[in-house]
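# Understanding the architecture of this molecule
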Amino acid sequence: MRDFVILGSSIITPPPNSHPPPSSSSSTPQHRHPILKPHKPSLPKFKPLSSSNTSSTPLQTPLKLKDSGTLDTDSELNPEVLANAVLVGIKDKNVRSVIERLNKAEGLGGISLSEHLDASVIANECCHLVTRGHIEEAVELMEILPRFQLSIAELVEPSHILKRCVLNRKPILAVRYASLLPKAHILFNRIILEFGKSMDLVSALKAYDATRENLKKPNLYICRAIIDACGLCGDFMKSRYLYEDWLNQKITPNIYVFNSLMNVNAHDFSYSLDLYQNMQKLGVKPDVTSYNILLKACCVAGRVDLAQDMYKELKHLESVGQLKLDVFTYSTIIKVFADAKLWQMALKIKRDMLSAGVSLNAVAWSSLINACAHAGLVEQAIQLFEEMMSSGCEPNTRCFNIILNACVEDCQYDRAFRFFHSWKGNKMLVPFDESNNNNSEQGGMHNVTKVPTGISSSHILSFTERFPFAPTTSTYNILLKACGTNYYHAKALFNEMRTVGLSPNQISWSTLIDICGASENVDGVVEILRTMIDSGIKPDVVAYTTAIKVCVESRKFTQALTLYKEMKSYGTLPNMVTYNTLLRARSKYGSLREVQQCLAIYQDMRKAGYKPNDYYLKELIGEWCEGVIQESGEYECEFSYSKKPEKERPRSLLLETIATHLLKRVADILAIDVQGLTKVEARLVILAVLRMIKENYAFGHSVNDDILIIIGATKADEGPSKEILEVQEAIIKLLWNELGLEALPPNDRTKFQNPKLSNLTLKAPADESLPTTTGLHTRRPSALQRLKVTKKSLDRWLQRKVSVK
């Protein structure tokens, strides 16, 4: 996957006059609930009810209740009584009754509870409601409290409620809560983006619609937030629909909205360019971020020419003082040239960048190193890496991996390992095993210090602090390729990867399987595959195909078929390489079972939508079919299969026809359909079926009935075409002259009357006199041209073949 320049810092820069959301206090007392806002001690405390007869606390004050258990109207109008009732309801965890009582009291007249309720008590209860997941009750309570002159701004930390709303997918509730707070428009943006980050575009759109209802006029910051959410969720089409809707509503997006739109649609260069042109038509002046995104679109589309022209235009605009190119501009154009393997152009941009006083960032350095590495310039890539370190820019793992891969691709395996050791700062220690001592000099791993197995993992490897990053799984995957055919070194490196806390991925296992298979260790390959499954990693198509390839190269075709069936049972779909590896596994077929297996694979390949090269398989099956005649040595084959590849057809009718017949049981073969085939192809189909019958006859499966051969269809008022007659003639020659089988029209066992075949000489079987001229009986034309091979004739042929054998 391509690594693209991240232009986020330029894209999400807050516009002028925007206000940041209220920040929470950095220090929170340990005794206070973590969700609580810092409470102001100057807030008024709850005042107990005054009574001349008692000095009870507020919660102990008797309430004047009706028979139904609710306060009467006079009590509800008393702020102290109402405040006491609220506290009692909160103490009893009956928030719903508190909400209902406050709603009822609101309808009786304006009441202020600011002097009678302790805000900390309400805050604690709201926090408990949020923690228990009762977010809706907490929001309803906070919605009604301001109606009684109670401030909710300091009750609860907004981020906790919004986080709960996002986790529970409650966009409308999140907007309801945010609308209660000052600077709600900032929270609206945050809500939409948080739903986008959680990949929930549906909720983000609901929040967007709800915010528009709360705002009196369109807010372009919220428009930008929903576009960014579309980008986070990968739905670029929705961003386009929103843009068109705004234009229809006569809403002109600002530069930030346009930049977000172009960034979300950067994969489609033509659309991004249209947005850029529309921006200018609407009078919105593009900034450097706009050009950076267009350069990114050029990079994705591989349009080096347009990126080069745009870079020249940007240099001109910079020279006249209209804009200033930043590090993202230079990094992106460097990556455009690097991806196109134009390393010299990339180095020229580097010089321009330094002359402009702009320091290269990690993206620019890694792109330059990658450009030289792809060009095979290992020395140049390493020199750039050293320049990167001397300039003060900290290299990342990707830069190091590029250097390692360049060495491996250039077959500099020792240098790759030395480079890796310098990264670690000491010799690489691997668990020692006496069984691999004899193989220590093979492969590409050197400078290895062995220690006894069982040593503590904390003492095996200790990476120094020379570089502020550690190797990744990709690092070890590159080094595995440098092990060549030395399986023991690869296994040691594999174990080291686990020791440092890295988990091998699909590429790691596939590479290990390939290295093991290079020594034709089929059992080891299967064992690795089983270990991979036991470790919880499902083998992908590459791992299975690699294992199948090893089995095929070791002439273990049965094991390869077992792995093929296993991968399909696990739901792993074979690819083109898998199918071709299996179909090309044999140089010839010796049995019907082998042919049936390959034809089944061939049909799976067709059904999967792959278009194989049929010529190779046709040649093998053709040789197997002709074996029916060659085994007897009695007849010379007149129609050998052509060595020249036939004209490509949309589908291989020959192989499909053979597969259709050979995958049936012998007892189910009642007809052989050769319609649409040439005479050579029809010959192979008939020979294939006869060979199947012959091999099954040896196992006791006899023919139960006559077999019809369907040659082609004709119209009732027309005779057979020239092609049908040629196929019929070839089949009759094959059956009579080469195999000694009877081939008769279904309605006549003795005569042929077609004058076009009058010169055909047929060799009769030894035990029966047969006619020497052939023809078609035309008194009653039929829809199908057919021939019949009698059961009696097949039985004699099978017995004769068996006796010869």
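Residues numbered from 1 in each chain as written. Predicted model: local features only at pLDDT ≥ 70, side-chain atom pairs only at ≥ 80, totals over all residues. Heavy atoms only, no water.

### Comments concerning the overall build of the protein
Under the convention used in this document: Numbering of helices and strands runs from the N terminus; a helix is a DSSP stretch of H or I covering at least four residues, while a strand is a stretch of E covering at least two. Per-residue accessibility, obtained with a 1.4 Å probe over protein chains only, is compared with the maximum for each type, and a residue is labelled buried under 20%, exposed over 50%, and partly exposed between these values. We call two residues in contact when some of their heavy atoms are within 4.5 Å. All accessibility values rest on the Shrake-Rupley procedure with a 1.4 Å probe; residue burial counts only the protein chains present in the view.
Assigned secondary structure in the protein consists of 36 helices and five strands. Counting across all 805 residues of the protein, residues that qualify as buried make up 48%. When contacts within the protein are restricted to residue pairs at least 6 apart in sequence, long-range pairs at least 24 apart make up 69% of them. For the protein, the computed accessible surface area is about 39800 Å², with 51% contributed by carbon and sulfur atoms.

### Thoughts on the packing of aromatic side chains
This is how the line gets drawn: Here a pair means two rings of Phe, Tyr or Trp (six-membered ring of Trp) with centres within 6.5 Å. Their orientation is stacked below 30 degrees between planes, edge-to-face above 60, and tilted elsewhere.
Tallied over the entire structure, the rule returns eleven aromatic pairs. Joined through ring pairs, the aromatic side chains of Phe-385, Phe-400 and Phe-419 make up one cluster.

### Description of unusual backbone geometry
Phi angles above zero are rare outside glycine, and Arg-169 is one such case at about 55 degrees. Relative to the helices and strands, Arg-169 is located in the loop between α7 (158-167) and α8 (171-178). Taking relative accessible area as the criterion, Arg-169 reaches 56% and is therefore assigned exposed.

### Some details on the nonpolar core
Cut-off, in case you're wondering: Residue types Ala, Val, Leu, Ile, Met, Phe, Trp, Tyr and Cys, when buried and joined through side-chain atoms within 4.5 Å, form a set referred to as a nonpolar core.
By size, the foremost hydrophobic cluster in this structure holds 211 residues, and its most contacted members are Ile-226, Ile-709, Ile-731, Leu-735 and Leu-739. The contacts of Leu-735, once residues within four sequence positions are left out, are Ile-686, Leu-690, Ile-709, Gly-740, Leu-741, Ala-743 and Val-789.

### What about the sheet that holds strand β4 (residues 707-713)?
The pairing of strands in a sheet comes from backbone hydrogen bonds and takes either a parallel or an antiparallel form. This is how it is decided: When DSSP locates at least two bridges between a pair of strands, those strands are taken to pair. Axis definition: a line fit to C-alpha positions, over the contact stretch in the case of helices; interaxial angles, taken between N-to-C directions, run 0 to 180 degrees.
Pairing within the open sheet is mixed, and its three strands lie in the order β3-β4-β5. On the outer flanks of this sheet lie β3 (671-673) and β5 (784-789), each paired with one strand and no other. Recorded for the sheet is a direction-independent mean angle of 25 degrees between the axes of neighbouring strands. Across three bridges, the pairing between β3 and β4 is parallel. Counted as the bridge partner of Ala-671 is Leu-708 from β4.

### Comments concerning the environment of Asn-505
The test is simple: Polar contacts, as used here, are pairs of N or O atoms within 3.5 Å; protein pairs need one atom able to donate a hydrogen and one able to accept it. Residues neighboring in sequence count only if both atoms are side-chain atoms.
Looking at where Asn-505 falls in the secondary structure, it is placed in the loop between α25 (487-499) and α26 (506-518). Among the residues examined, Asn-505 registers a relative accessible area of 28% and is labelled partly exposed. Here the alpha-carbon distance between Asn-505 and Thr-473, two residues 32 residues apart in the chain, equals 7.4 Å. In this structure the side chain of Asn-505 is engaged in a polar contact, spanning 3.2 Å, whose partner is the side chain of Asn-477. Looking at Asn-505, its side chain comes within polar contact range of the side chain of Ser-508, at 2.8 Å.

### Thoughts on the pairing of β4
Basically, it comes down to this: With strands facing away from the observer, any crossover in which the path from the first strand over the helix to the second runs clockwise is taken as right-handed.
Most of β4 is tucked away, with five of its seven residues classed as buried. Of the crossover connections in this fold, the one passing from β3 over helix α34 (residues 679-697) to the parallel β4 is right-handed. Across six bridges, β4 lies against β5 in antiparallel orientation. Note on β5: the bridge partner recorded for Ile-707 is Val-789.

### Quick word on the pattern of salt bridges
Selection criterion: Within this document, salt bridges are pairs made up of a side-chain nitrogen of Lys or Arg and a carboxyl oxygen of Asp or Glu, the two lying within 4 Å of each other.
Tallied over the full model, the rule gives 22 salt bridges. Linking Glu-194 and Lys-197 is a salt bridge whose minimum nitrogen-to-oxygen distance equals 3.9 Å. One end of the pair is Glu-194 and the other is Lys-197, both in helix α9 (residues 184-197) and three residues apart, which spans about a single turn. Its salt-bridge partner being Asp-305, residue Arg-303 comes within 3.4 Å of it at the nearest N-O pair. If you follow the salt bridges from partner to partner, you end up with Lys-315, Glu-318 and Lys-324 in one network.

### A short note on the environment of Arg-665
Mapping Arg-665 onto the fold places it in the loop between α33 (653-662) and β3. A residue is classified by how much of its surface remains accessible, and Arg-665, at 58% relative accessible area, is exposed. Measuring from C-alpha to C-alpha, the distance between Arg-665 and Asn-696 comes to 9.2 Å, with 31 residues separating the pair along the chain.

### Thoughts on helix α28 (residues 541-553)
Threshold: Take the residue count of a helix, subtract one, and multiply by 1.5 Å to get its expected span.
Here α28 spans 18 Å end to end across 13 residues, near enough to the 18 Å set by a 1.5 Å rise per residue. Residues Val-541, Ala-543, Tyr-544, Thr-545, Thr-546, Ala-547, Ile-548, Val-550, Cys-551 and Val-552 constitute the buried set of α28. Against the buried residues of α28 lie α26, α27 (522-534), α29 (557-569) and α30 (576-583). Taken from the residues just after α28, Arg-555 is the one with a positive phi, measuring 60 degrees.

### A short note on helix α18 (residues 343-355)
For α18, which comprises 13 residues, the first-to-last C-alpha distance of 19 Å matches the rise-based estimate of 18 Å (1.5 Å per residue) to within 8%. By the burial criterion, the buried members of α18 are Ala-346, Leu-347, Ile-349, Lys-350, Asp-352 and Met-353. Looking at the buried positions of α18, the neighbouring elements they touch are α16 (304-319), α17 (327-339), α19 (362-374) and α20 (378-390). Gly-357 sits one or two positions beyond α18 and adopts a positive phi of about 80 degrees.

### Digging into the confidence of the model for the protein
Selection criterion: Known as pLDDT, the predictor's confidence for each residue is given on a scale from 0 to 100.
On average, residues of the protein score 75 in pLDDT, and 72% of them are at 70 or above. This stretch, residues 633-650, has a pLDDT under 50; its non-local contacts, to residues over four places away or in other chains, come to 36 contacts.

### Observations regarding the packing of α9 against helix α10 (residues 201-214)
For the record, the criterion: We call two directions roughly parallel when the angle between them is under 35 degrees, roughly antiparallel when it is over 145, roughly perpendicular when it lies between 65 and 115, and oblique otherwise. Note: crossing handedness is left-handed where the near helix turns anticlockwise from the far helix by less than a right angle, and right-handed where it turns clockwise. All amino acids are sorted into three groups, where Ala, Val, Leu, Ile, Met, Phe, Trp, Tyr, Cys and Pro are nonpolar, Asp, Glu, Lys and Arg are charged, and the leftover types, Gly among them, are polar.
Following both chains from N to C, one finds α9 and α10 inclined at 165 degrees, their axes separated by 8 Å at the closest point. With respect to their mutual orientation, α9 and α10 come out roughly antiparallel. When you trace α9 past α10, the crossing you get is left-handed. Within the contact between the two elements, α9 uses Phe-188, Ile-191, Ile-192, Phe-195 and Gly-196 and α10 uses Ser-203, Ala-204, Ala-207, Tyr-208, Thr-211 and Asn-214. For the contact of α9 with α10, a count of residues per class yields seven nonpolar, four polar and no charged.

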